[in-house]
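Fold and geometry: a report
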Amino acid sequence: MSAIARTIAVFCGSRLGNDPVYQQVAEHAGKVLAREGIRLVYGGGANGLMGVVADSVIRAGGDVTGVIPEFLSEREKMHECVSELIVTTSMHERKQIMFTRAEAFWILPGGFGTFDEMMEILTWRQLDRHDKPIILVNTDGWGEAVMAMLKTAVRQGFASEQACALLQVVPDVETALACSVWREQGIPVSVDTL
Ligand SMILES: Nc1ncnc2c1ncn2[C@@H]1O[C@H](COP(=O)(O)O)[C@@H](O)[C@H]1O
């Protein structure tokens, strides 16, 4: 059986970026999640686009789980107003909790940390560790630049076309929602194999 995911992880920047369009997309993503009754799982910070998405969900009356390593609580300003805050001992624990809880992943613009999170979840899917949707909301060409890198790897014989297609690039949040279809009987995954 398949349905729209009930919990979605959003990966995005711990900075705001230099164009208001990034904040607008993050704000809209939060509103859509709250409107649809979908729980947000994210990195637990109050800064940057991460904070914008979380604030937007909270303002619209939705549920938010923040997952943040203790060592980042100052640097990324741990969010105090989320419905659930999980403080982990490491980045790896944070990623595993976010991975386990989420039924789909949305990627919004961000920096190197966002690239890391996106590539890890994509490569776990490439290795058949899960079959959850991974959706990049293309904003101001951010998604095209990512796709150019992945397609270069395909063109140079380092990755398959099929692996490249595991990342869905969509123009807006509404399309991301429509693509966030979760199969209840997906690949059973033990985090011990990640
Ligand atoms: N190496 C990393 N692995 C996982 N997550 C990371 C890593 N480095 C940073 N992060 C987190 O990603 C988000 C977004 O970071 P940006 O660099 O602003 O895109 C943030 O919570 C980092 O802690």
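Residues numbered from 1 in each chain as written. Predicted model: local features only at pLDDT ≥ 70, side-chain atom pairs only at ≥ 80, totals over all residues. Heavy atoms only, no water.

A look at the overall build of the protein
Under the convention used in this document: Comment: elements are numbered from the N terminus, with helices defined as DSSP H or I runs of at least four residues and strands as E runs of at least two. In this setup the radius of gyration rests on C-alpha atoms only. A globule is expected at 2.2 Å times the number of residues raised to 0.38. Exposure categories follow from relative accessible area, calculated using a 1.4 Å probe and restricted to protein chains: below 20% of the type maximum is buried, above 50% is exposed, and the middle band is partly exposed.
Across its full length, the protein carries 7 helices and 9 strands. Its C-alpha atoms give the protein a radius of gyration of 16 Å, near enough to 16 Å, the size a compact globule of 194 residues would have. The principal-axis extents of the C-alpha atoms in the protein amount to approximately 45 × 40 × 35 Å. When the 194 residues of the protein are sorted by exposure, 48% land in the buried category.

A look at the nonpolar core
Stated precisely, the cut-off is as follows: We call a set of buried residues a nonpolar core when its members are Ala, Val, Leu, Ile, Met, Phe, Trp, Tyr or Cys and they connect through side-chain atoms within 4.5 Å of each other. Should any heavy atoms of two residues lie within 4.5 Å, those residues are considered in contact.
Formed by 32 residues in total, the largest nonpolar core has its most connected members in Ile 8, Val 10, Leu 33, Leu 40, Trp 106 and Leu 108. Those elements that provide at least two residues to this core are β2 (7–11), α1 (20–35), β3 (39–42), α2 (48–59), β6 (104–107), β7 (134–137) and α7 (173–179). Counting residues per element, this core draws most heavily on α1, at 7 residues. Those residues within four positions of Val 10 in sequence are excluded, and the remaining contacts are Leu 33, Leu 40, Val 41, Tyr 42, Val 53, Trp 106 and Leu 108. By size, the runner-up hydrophobic cluster in this structure holds 25 residues, among which are Ala 9, Ile 97, Leu 136 and Val 146.

Details of the pattern of salt bridges
Here is the rule we go by: Salt bridges, as used here, are contacts in which a Lys or Arg side-chain nitrogen is within 4 Å of a carboxyl oxygen on Asp or Glu.
Scanning all chains against the criterion turns up 8 salt bridges. Between Glu 27 and Arg 59 there is a salt bridge, and its shortest N-O distance comes to 2.9 Å. Taken together, the residues span a long stretch of sequence, with Glu 27 in helix α1 and Arg 59 in helix α2 at a distance of 32 residues. Note that Glu 76 is salt-bridged to Arg 94, the shortest N-O span being 3.3 Å.

Side note on the sheet that holds strand β5 (residues 84–88)
Each strand in a sheet pairs with its neighbour through backbone hydrogen bonds, running either in the same direction (parallel) or in the opposite one (antiparallel). The cut-off we apply is this: The criterion for strand pairing is that DSSP finds at least two bridges linking the strands in question. Every axis in this analysis is a line fitted to C-alpha atoms, fitted for helices over the stretch in contact. Angles between the N-to-C directions lie between 0 and 180 degrees.
Strand order in this open sheet of 7 strands is β5-β4-β3-β2-β6-β7-β8, and the pairing throughout is parallel. Across the chains shown, the open sheet's two edge strands, defined by having one partner strand only, are β5 and β8 (167–170). Across the sheet, the axes of successive neighbouring strands diverge by a mean angle of 25°, strand direction being ignored. Bridging between strand β4 (residues 64–69) and β5 involves 5 bridges; their strand directions are parallel. Bridge pairing in β5 places Thr 65 opposite Glu 84.

Things to note about the state of the cysteines
The line we're drawing: We call a pair of cysteine sulfur atoms a disulfide whenever their separation is within 2.5 Å.
Inspection of every chain in the model, using the stated rule, returns 0 disulfides. Of all cysteine sulfurs, the one in Cys 81 lies closest to Cys 12, which takes part in no disulfide; the gap is 17 Å.

So, the side chain of Ser 56
By the secondary structure assignment, Ser 56 is in helix α2. Looking at Ser 56, the relative accessible area reads 2%, which means it is buried. Apart from residues lying up to four places away in sequence, Ser 56 is in contact with Glu 27, Gly 30 and Lys 31.

Observations concerning the site of the ligand
Put simply, the test is: The rule for a residue being near a molecule or strand is that one of its heavy atoms must lie within 4 Å of it. A 3.5 Å cut-off defines polar contacts: any pair of N or O atoms within that distance qualifies, except that in protein one atom must be a possible hydrogen donor and the other a possible acceptor, and neighbouring residues in sequence count only when both atoms are side-chain atoms.
Taken together, 16 residues lie near the ligand, and Ser 14, Glu 76, Gly 111, Thr 114 and Asp 116 sit nearest. The separation between an oxygen atom of the ligand and a polar main-chain atom of Gly 111 is 2.8 Å. In this structure, an oxygen atom belonging to the ligand sits 2.9 Å away from a main-chain N or O atom of Gly 113. The element contributing the most residues to the shell around the ligand is helix α4 (residues 112–126), with 5 residues.

Points about the confidence of the model for the protein
In plain terms, the rule: Here pLDDT means the predictor's own confidence in every residue, given as a number from 0 to 100.
Here the protein shows a mean pLDDT of 95. Residues at 70 or above account for 100%. Taken together, the chains of this predicted complex give a pTM of 0.96 and an interface ipTM of 0.94.

Remarks on helix α5 (residues 142–155)
Spelled out, the test is: Here the expected length of a helix is defined as 1.5 Å per residue gap, with one fewer gap than residues. Directions drawn from the helix axis to the C-beta atoms are what define this arc.
Its 14 residues place the ends of α5 20 Å apart at the C-alpha level, agreeing with the 20 Å of an ideal helix rising 1.5 Å per residue. Turning to α5, its buried residues number three or more, namely Trp 142, Gly 143, Val 146, Met 147, Leu 150 and Val 154. For α5, the angular spread of buried residues about the axis comes to 125°, placing them on one side. Opposite the packed face of α5, turned more than 90 degrees from it, sit the exposed residues Glu 144, Ala 145 and Arg 155. Check the buried side of α5 and you find it contacts β6, α4, β7, α6 (161–164) and β8. Gly 157 lies just past α5 and shows a positive phi near 80°.

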